[in-house]
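# Observations on chain architecture
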Amino acid sequence: MPTTEASWERQQTPPRQNILEIEGLHTQFELDDGVVQAVSGVDLAIARGEVLAVVGESGCGKSVMARSVLRLVDRPGRITGGQIRVRTDDGAADMVSAAPETVREVRGKRVAMVFQEPMSSMSPMHTIGNQIGEAIRLHERVTKAEARARAVELLGRVGIPAPERRVDEYPFQMSGGMLQRVMIAMALSCGPQLLIADEPTTALDVTTQAQILDLLRGLQEETGMAVMLITHDLGVAAQMADRVAVMYLGTVVEEGRVEDVFRAPRHPYTTALLRSVPKLGSGSRERLRPVRGMVPHSYRRPSGCPFHPRCDEFMAGRCDVTVPEPLRDQGRPGAVSCLLYEEHEEHEEHEETTP
Amino acid sequence: MLTRNHKPAAPPAEADPELEFDAAAARSSPWRLVWRKFRKHKLAVAGAVVVLLAYVVVVFAEFLAPTSTSTSDSTLTYAPPQMVKVDLSWSDGLQMYVNGYRTERDPETFEQIHTLDPDLRVPLRFLPRGDSYEMWGIIPWDRHLFGAAHAKDKVFLLGSDRQGRDLLSLIIQGSRVSLSIGLIGVAVSFLLGLLFGGVSGYYGGAPDTLIQRVIEFLMAIPTLPLWLSLSAAVPADWGPMMRYFAITTILSVLGWTGLARVVRGRFLSLREEDFVTAARLDGCGRIRIIFRHMVPSMSSHVIASLTMAVPAMILGETAMSFLGLGLQSPAVSWGVLLQEAQNVRTLETAPWLLIPGVAVFVTVLAMNFVGDGLRDSADPYKQ
Amino acid sequence: MLSFLSRRVMWMVVTLWAVSLASFFIISLPPGDYVSTLQAEAESRGEMMSDSQLSALRSRYGLDQSFLAQYWKWISNIVFHGDFGQAFAWNSRPVSDLIWDRVGLSFFLSVSTLLFIWAIAFPIGIFSAVRQYSPGDYLATFFGFFGMAVPEFLLALVFMWAGMRFFGTSPGGLFSPEYQDAAWNLGKVLDMGAHLWLPIVIIGLSGTAGLIRITRANLLDELYKPYVVAARARGMPEWKLLLKYPVRMSMSPFFSTVGWLLPGLISGETIISIVMSLPTTGPLLLSGVENQDMYLVGSFVLILSTLTVIGTLISDLALAWWDPRIRHRYEGG
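This is a predicted model, so every value here is computed, not measured.

Moving on, we come to the overall build of chain B. When helices and strands are tallied, chain B shows 13 helices and 6 strands. When burial is assessed residue by residue, chain B has 49% of its 383 residues classed as buried. In chain B, the proportion of contacts linking residues at least 24 apart, taken out of those at least 6 apart, comes to 67%. Of the roughly 18,800 Å² of accessible surface on chain B, a fraction of 63% belongs to carbon and sulfur atoms.

Next up, the structure:
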């Protein structure tokens, strides 16, 4: 069992070694018409070998959060606060404040990323062998021929037929599913400890989706790397992940083991989200209920709990005033940010402050 | 409970925050959105103001010019520009004046040299009586906006030319030809471009191929030599009006190609758009689809391209007239005026003859600003 | 690739044929036939042309035949004998005697200008896009607008006036007087270089301005594409990333600019040569136009267009070599 420093430890059982810890992350977009808080105080940790799914509706900031980890947010976006600690050989690097060289050292080598659209994520002007080889040669001192041989081997590992021929092809000569395999091969090339997969199957058709997910799962088990899977698809999350984090308007509202969260959701948003998904094989004929209301306009973030305008459990005078803090150790690993579960403490405070 | 391998009703793929649904944008009409974006381009707005002013000058040229184009003074050729001065000590309030000319003869070359004499004062005023003219050919009048208080005085605020004519008046009167030729030329090219580009883009197939080849061919020929050779075919004895139309035709016959390409490109991409398919499935006729659905959604692009085409036409006319192949004296245009500046020796004595070039530069620059701003804001739904 | 090449060359031949037809159309535009113009010209000089001379000329040019027959006579003389007809304003010297030196110089000037434009516009455009909204970008943008708005000949005039005013010499012509009639030697080449840079800068100005804007816009389109983010996520250093991916991508339209830059350059070169009296095609073309010396004019249009068409073909081939997508499309179909 690996030894862990006290500061790296958060959950009690089982002993974990976190390879990524995000604390109080804020990322915002300063646009002409106002400021959009895309990520607003996210705390997350991923342990070695763990698969964490980050789920949420479109625009909840999950993609921006994932990109912030590798400091890939383009202008006008900017990380404005928090820490992103990535475990390195000599401790940890804070991606928010690290020097560019350190950031480049982490990118690709410690933390690799797979994107949503494989076709546009590869340069059409270069062969796939060139691009995979480049990923290797950026972090390891190998010759071009060695890099090419490694590329062929990687392509074989991700299930591309005739890799020694395919390696010299251009992205536009391959299908979307094939290209996503290439992207995964590229991500694996330097043996990262964490793979961030940002909606890796959204742009693919359903059968290809399943194949890619199987491949990811298989590679994860084989290499023991951790995976952060960004998805809006609760089914994919349930199928792939050990833990799940539910995001709403740039904050993590609930987080925990997949079986806990999906079987017994505690945050009203998680409940609503699960209700909006058809249940296959359960025999129930109940109508699907989408989450009430609409995602608020990005410039106008609600006061208090960001979910309160759409919440079924809305408590006037409290939810729209107090920003809920994440509550941990409520009988199971994980956290939930909802005032419902703070009732007790909250009441006491309330009595004290009311004359 | 969730089970494996099913696909829930997926919300659309996550968008970047800046591309997100903008409630305010969704409620506004497209033209208001274009205007909103356009207004943010400070240079484009400034350019629009300059262009508007230029066309005001075109409309009121006779009134704004201090003299008519035929007024000349052979004793005051190549007179230097005069600076408007204001005397505050005058008893009747402000008095504007310029210094008059003193004429000497160069002892070696016997050329007349005019210099400004600080002791001579030529009073100026607003709305003086001067050369009589007919506004727009119908309203007879003899007042001008600004000029010498006494009609017999000669004032050359921007200097005078070889015949002793007032350069300022010439530039103002010349704006008519120079600026209208761009508009008319673009209007003709617009019709041709819309027709051929539209046919090409909407029907595709053989007509498209043919028109594309013709366009490629026309674009392959160097413009100026072609203009020159076509203008060589314009008979020398044609009057100014005929020449004007001949030049406009030459410019626009060769100028429609760029516009046709824009129109075709827009048609091609619009044809595949869902709303056009929807309109077709709703049973809209072809003409209705084109004019009700496709033309409105491409008009902002077309207007942007048009704005960019006007300055090219203006530069074309200027270049041709400059070479003496476009309009010819006594017709007045900026290119014709610049023809006088061709000789370096003349320029040495009268560098102000380049001022019409400044007029060309400022107008074209302003138009380019406007076109650039329009192009950027042409597609309000695109970031 | 071979089939693409042959198709492209075939298409070029068709274009050239159309160009030649258009050139001949221009030649035949002015009222009255060429020989009567020639006769009038000769009479004005006090010479008489005999009837046999006249009819010989008429059959030489096929003037008594139909338009197409005349065209055939003209074009076959050019293609098979290199005979472009005669320039009557030059004592009926053969056009081909007059033009080749000048065409060569025009071509040299245009190509030098093209290289100059690339050398200047490309780095500035890249800089402008990468440092968007920086003072340097604003400067480049301003320069771009300036270059597009100022007529080239005006700039030439200003330079010549400034040269006269401040240095006492006018920077016109191609050679200093002492080299004017000298045989080619190193001194003459250097002297030409000293005279040539100014026309190159002036002709290249508007093209440079346009290309800076295009490069900047192209690169800005590419800079934020997913493949750039993906390459960055692999840990690529910024400058290396920039050169390998977006710059390479934004170069594609760059190659196709040759097609439209070249006609523009030849136009610019024509008018600048006239103003600065450079011994290129420009002044000769102008005098031909003024005298309605149509064989001369038509020949120029034909030759300059042909050069442009060939230039466009070369740029198409270069584009296919540069961009695998285009190469692939050609190979596929």
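Picking up after the structure, the text goes on.
This part covers the sheet that holds strand β1 (residues 85-87) of chain B. Residue and element names in this part refer to chain B. On the basis of which strands lie adjacent, the open sheet formed by 4 strands has the order β1-β2-β3-β6 and antiparallel pairing. At either margin of the open sheet sits one strand with a lone partner, and together these are β1 and β6 (146-148). Across the sheet, the axes of successive neighbouring strands diverge by a mean angle of 45 degrees, strand direction being ignored. Alignment of strand β3 (residues 112-126) against β6, held across 3 bridges, turns out to be antiparallel. Pairing of F126 across the sheet is with F146, part of β6.

Each side of the interface is counted separately: chain C has 41 residues, and chain B has 43 residues. Around 3,600 Å² of area is buried between chain C and chain B when both sides are counted, 82% of it from carbon and sulfur atoms. It is F145, W161 and M164 of chain C that lose the most area in chain C upon contact with chain B, and together they represent 16% of the buried surface on that side. At the junction of chain C with chain B, the criterion picks out 1 salt bridge. Note that R213 of chain C and D372 of chain B form a salt bridge whose closest N and O atoms lie 2.9 Å from each other. Viewed at the interface, chain B and chain C are joined by 1 residue pair in polar contact (both at pLDDT 80 or more). Listed by contribution, the elements that provide at least two residues to the side of chain C that touches chain B are α1 (2-27), α6 (135-149), α7 (152-167), α11 (246-276), α12 (281-290) and α13 (294-322) of chain C.

Turning our eyes to something else, we now look at the domain arrangement of chain B. All names here are of chain B. Domain annotation of chain B identifies domain 1 (42-59 + 169-377) and domain 2 (73-163). Placing a centre on the C-alpha atoms of domain 1 and another on those of domain 2 gives a separation of 37 Å. Facing the 11 residues of domain 1 at the interface are 12 residues of domain 2. For the pair domain 1 and domain 2, the summed buried area comes to about 840 Å², and 62% of that belongs to carbon and sulfur atoms. Remark: the boundary between domain 1 and domain 2 carries 1 salt bridge. Notably, a salt bridge pairs E340 with R162, separated by 3.9 Å at the nearest N-O pair. Across the contact surface, domain 1 and domain 2 share 2 residue pairs in polar contact (both at pLDDT 80 or more). Contributions of two or more residues to the side of domain 1 that touches domain 2 are made by α5 (167-203) and α12 (344-349). Split by residue class, the side of domain 1 that touches domain 2 holds 7 nonpolar, 2 polar and 2 charged.

This part takes up the nonpolar core. In this structure, L323 of chain B together with W74, I99 and M276 of chain C are the most contacted members of the largest nonpolar core, which totals 140 residues. Element by element, the count of residues in this core is highest for helix α10 (residues 286-322) of chain B, at 13 residues. When neighbours within four sequence positions are excluded, W74 of chain C is seen to be in contact with S20, S23, F24, I27, D83, F84, Y295 and L302 of chain C. Within the second largest apolar cluster, 102 residues are counted, among which are V36, M174, L234 and L274 of chain A.

Reading the values: rules and limits
Residues numbered from 1 in each chain as written. Chains lettered and ligands numbered in written order. Predicted model: local features only at pLDDT ≥ 70, side-chain atom pairs only at ≥ 80, totals over all residues. Heavy atoms only, no water. Helix = DSSP H or I, 4+ residues; strand = E, 2+ residues; numbered from the N terminus. Buried < 20%, exposed > 50% of the residue type's maximum accessible area, 1.4 Å probe, protein only. Contact = heavy atoms within 4.5 Å. Areas by Shrake-Rupley, 256 points an atom, 1.4 Å probe, with all protein chains shown as cover. Pairing = 2+ DSSP bridges. Axes fitted to C-alpha atoms, helices over the stretch in contact; angles between N-to-C directions. Buried area = accessible area lost by both parts, 1.4 Å probe. Salt bridge = Lys/Arg side-chain N within 4 Å of Asp/Glu carboxyl O. Polar contact = N/O pair within 3.5 Å; in protein donor to acceptor, adjacent residues only side chain to side chain. Domains from an automatic or database assignment. Nonpolar A, V, L, I, M, F, W, Y, C, P; charged D, E, K, R; others polar. Core = buried A, V, L, I, M, F, W, Y, C linked by side-chain atoms within 4.5 Å.

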